Amino acid sequence: TLVAGLFNPMWAGAAQPLVMGFSQVGAESEWRTANTASIKDAAKKDGITLKFADAQQKQENQVKALRSFIAQKVDVIAFSPVVESGWDTVLREARAAKIPVILTDRAVSVSDPSLYVTFIGSDFVEEGRKAGRWLLDFAKKAPNAELNIVELQGTVGSAPAIDRKKGFEEIIASNPKLKLSRSQSGDFTRAKGKEVMEAFLKAKDKKIDVLYAHNDDMAIGAIQAIEEAGLKPGKDIIIISIDGVKGAFEAMVAGKLNVTVECNPLLGPQLMQLARDVVAGKPVARRITTTEGVFPAEVAAKELPNRRY
Ligand code: AHR
């Protein structure tokens, strides 16, 4: 009967699905699209109810999303912060509401590190170092030549932009022939990468030998600008970028990009497991770093069919 059904003891004991509020940076790059798909798929497979909010690369939208998750009393908040600073207040609000916070992909800089439970993502400084090491090796081919480098930075104030710059500069500092002459943000997008590269090329004060782009999308945008300027990307200008998305492998196969440093966006399955552990009160590592490689153009054709994003 209806009454018996209403008081079904099975229902009373049934566990509620875990609810996660996730605030994503935006949809600025191929990497980000793969990251979003990984998180949505993993939540579905894991039976986790996902409340997903796209911040369109604006911190104020993320703060609003976090506050809305707090108001909805989600079980756990996960987010990939657009920028590093400015999170103390909203994270304190989450703590006051007893909602644990997991950082994914990008780190924050807060006065009290216990405001978040754990961080899962890449080591961006190491990615910058890997890019720098590739260039050091490349420079050995012509040890007496000075190489003029331009840099396309990611979003101003974001962890990957800060760290990738730092790691790269740390490594190239050991060779005085490697000179970084210009550095500007292309906001991690193709359109901006193209626009800023056009401006670099127009300056014409110094021949550009090397482009270091903080992500593949900006490198792909810049490749267009280089071709439109009548130059050969990958040959006249050596191009180094980060992420390892399919678009980068295709550009390498076409001879237009020289190397990509991998940054793995497929964080969904690990994040869901982590969320379950955190909510269950199990001890978790403070930082979980993803394992990543470096793919020079020479291996691109062989690797392309294996790429998952
Ligand atoms: O935070 C990771 C970075 O953000 C990726 O390298 C980039 O493509 C994305 O937009």
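This is a predicted model, so every value here is computed, not measured.

Visitor: How would you summarise the side chain of Lys-194 if you had to cite specific residues and measurements?
Guide: Relative to the helices and strands, Lys-194 resides in helix 8 (residues 190–203). For Lys-194, the contacting residues outside a window of four places in its chain are Gly-221, Ala-222, Gln-224, Ala-225 and Glu-228.

Visitor: Help me get a handle on the site of the ligand, residues and values and all.
Guide: Around the ligand, the neighbouring residues are Glu-28, Ser-29, Trp-31, Arg-32, Asp-105, Arg-106, Phe-124, Pro-160, Arg-164, Phe-188, Asn-215 and Asp-243. Contact between the ligand and Glu-28: an oxygen atom at 2.4 Å from a side-chain N or O atom of the residue. A distance of 2.9 Å separates an oxygen atom of the ligand from a polar atom in the side chain of Asn-215. Considering the ligand on its own, with 280 Å² of exposed area, one finds that the protein chains cover 100% of that surface. Among the secondary structure elements, those contributing two or more residues to the shell around the ligand are helix 3 (30–46) and helix 7 (159–172). Here the shell around the ligand is composed, by residue class, of four nonpolar, two polar and six charged.

Visitor: Give me the confidence of the model for the protein: which residues, what numbers.
Guide: Residues shown with low pLDDT carry predicted positions that ought not to be read at fine detail. When the pLDDT values of the protein are averaged, the result is 95; 95% of them are 70 or greater. Strand 8 (residues 210–213) holds the highest mean pLDDT among the elements of the protein, 99, whereas helix 1 (residues 2–6) holds the lowest, 37. Low confidence marks residues 1–12, where pLDDT is under 50. Its contacts with residues over four positions away, or in another chain, come to two contacts. Predicted as a complex, the structure gets a pTM of 0.94 and an ipTM equal to 0.99.

Visitor: Mind laying out the packing of aromatic side chains, listing which residues take part and the relevant values?
Guide: Scanning all chains against the criterion turns up five aromatic pairs. Look at Trp-134 and Phe-138: their rings are 5.4 Å apart centre to centre, the planes differ by 15 degrees, and that puts the pair in the stacked class. You can see Trp-134 and its partner Phe-138 sitting in helix 6 (residues 124–139), four residues apart, about one turn around the helix. The ring of Tyr-116 has Arg-286 sitting right over it, with the charged end atom 4.2 Å from the ring centre. One cation-aromatic arrangement involves Arg-307 over Phe-295; the distance from NZ or CZ to the ring centre is 4.8 Å.

Analysis parameters
Residues numbered from 1 in each chain as written. Predicted model: local features only at pLDDT ≥ 70, side-chain atom pairs only at ≥ 80, totals over all residues. Heavy atoms only, no water. Helix = DSSP H or I, 4+ residues; strand = E, 2+ residues; numbered from the N terminus. Contact = heavy atoms within 4.5 Å. Near = heavy atom within 4 Å. Polar contact = N/O pair within 3.5 Å; in protein donor to acceptor, adjacent residues only side chain to side chain. Areas by Shrake-Rupley, 256 points an atom, 1.4 Å probe, with all protein chains shown as cover. Nonpolar A, V, L, I, M, F, W, Y, C, P; charged D, E, K, R; others polar. pLDDT = per-residue confidence, 0-100. Phe/Tyr/Trp six-rings, centres within 6.5 Å; stacked < 30°, edge-to-face > 60°. Lys NZ or Arg CZ within 6 Å of the ring centre and 35° of its normal.

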